[in-house]
Amino acid sequence: MAKVKVEIYDYPSSGGGCSCGCGGGAAMTTAAIQQQTRELQEQLEQKFGDRAEAVYVNLRGVPQDQVPADLRVLFNGTYPAPLVVVDGTPRYAGDIPVEEILKEAEKILA
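What comes next is a walk through the structure. (Residues numbered from 1 in each chain as written. Predicted model: local features only at pLDDT ≥ 70, side-chain atom pairs only at ≥ 80, totals over all residues. Heavy atoms only, no water.)

## Here we look at the overall build of the protein chain
Line of reasoning, step 1. Across its full length, the protein chain holds two helices and four strands.
Line of reasoning, step 2. Taken from N to C terminus, the helices and strands of the protein chain fall in the order β-α-β-β-β-α.
Line of reasoning, step 3. Buried residues in the protein chain amount to 36% of all 110 residues.
Line of reasoning, step 4. Considering only contacts within the protein chain whose residues lie at least 6 apart along the sequence, 65% involve residues at least 24 apart. (Helix = DSSP H or I, 4+ residues; strand = E, 2+ residues; numbered from the N terminus. Buried < 20%, exposed > 50% of the residue type's maximum accessible area, 1.4 Å probe, protein only. Contact = heavy atoms within 4.5 Å.)

Laid out in structure tokens, this is it:
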């Protein structure tokens, strides 16, 4: 059975908008990112049961050389935290758009 994994990466970020079109604004706090991840997990469970999950990944305080190479770009300040990765694909930065994530999970699981 397929399972959708949504990873929410929290990392040092200067905040502010980026040019990726994600709609990100001021930097979110760690507490806000953790809370929204929990809320997303609850909604994923309600809608998809155990076929989808949201995972919070804290990269704050992790030395850059210990971060996987493909994620080191997060530390250059281009994208505001958090980064949302859906099923292995980076999708959103600076926000956790729950409704859009639920739609993506539904398409993947269809």
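## Re helix H1 (residues 30-48)
Line of reasoning, step 1. Helix length check: H1 (19 residues) gives 26 Å between terminal C-alpha atoms against 27 Å at 1.5 Å per residue, within 8%.
Line of reasoning, step 2. Looking at H1, one finds that the buried residues are Ile33, Thr37, Leu40, Gln41, Leu44 and Phe48. The buried residues of H1 occupy one face: seen down the axis, they fall within an arc of 105 degrees. For H1, the exposed residues set more than 90 degrees away from the buried face come down to Ala31 and Gln46.
Line of reasoning, step 3. As for H1, its buried residues are in contact with strand E1 (4-10), strand E2 (52-58) and helix H2 (98-109).
Line of reasoning, step 4. In the stretch just after H1, glycine 49 is the one whose phi turns positive, near 65 degrees. (Expected span 1.5 Å × (residues − 1). Arc of directions from axis to C-beta.)

## Concerning the pattern of salt bridges
Line of reasoning, step 1. A complete count under the given rule lists three salt bridges for this structure.
Line of reasoning, step 2. For aspartate 10, the salt bridge is made with arginine 60, and the minimal N-O distance between the two is 2.7 Å. Taken together, the residues span a long stretch of sequence, with aspartate 10 in strand E1 and arginine 60 in the loop between E2 and strand E3 (83-86) at a distance of 50 residues.
Line of reasoning, step 3. In this structure, arginine 91 engages glutamate 104 in a salt bridge whose closest nitrogen and oxygen atoms are separated by 3.0 Å. Residue arginine 91 is located in strand E4 (residues 89-93), and its partner glutamate 104 is located in helix H2; the two are separated by 13 residues in the primary sequence. (Salt bridge = Lys/Arg side-chain N within 4 Å of Asp/Glu carboxyl O.)

## A word on the environment of tyrosine 11
Line of reasoning, step 1. In this structure, tyrosine 11 sits in the loop between E1 and H1.
Line of reasoning, step 2. Classification of tyrosine 11 by relative accessible area gives buried; the value is 0%.
Line of reasoning, step 3. Along the primary structure tyrosine 11 and leucine 59 are separated by 48 residues, whereas in three dimensions their C-alpha atoms are 4.8 Å apart.
Line of reasoning, step 4. The contact partners of tyrosine 11, leaving out residues within four places of it in the chain, are Leu59, Arg60, Leu74, Phe75, Tyr79, Pro80, Ala81, Pro82 and Leu83.

## Looking at the packing of aromatic side chains
Line of reasoning, step 1. Counted according to the given criterion, the structure contains zero aromatic pairs.
Line of reasoning, step 2. Between the NZ or CZ atom of arginine 91 and the centre of the ring of tyrosine 92, over which it lies, the distance is 5.5 Å. (Phe/Tyr/Trp six-rings, centres within 6.5 Å; stacked < 30°, edge-to-face > 60°. Lys NZ or Arg CZ within 6 Å of the ring centre and 35° of its normal.)

## A few points about the packing of H1 against H2
Packed helices, taken two at a time, are described by their axes: the angle between them and the distance between them.
Line of reasoning, step 1. In contact at an axis separation of 11 Å, H1 and H2 are set at 35 degrees when each is read in the N-to-C sense. For the pair H1 and H2, the sense of crossing is right-handed. On the side of H1, the interface is formed by Leu40, Gln43, Leu44, Lys47 and Phe48, while H2 contributes Val98, Glu99, Ile101, Leu102, Ala105, Glu106 and Leu109.
Line of reasoning, step 2. Here the residues of the contact of H1 with H2 are counted per class, giving eight nonpolar, one polar and three charged. (Axes fitted to C-alpha atoms, helices over the stretch in contact; angles between N-to-C directions. Left-handed = near helix turned anticlockwise from the far one by under 90°. Nonpolar A, V, L, I, M, F, W, Y, C, P; charged D, E, K, R; others polar.)

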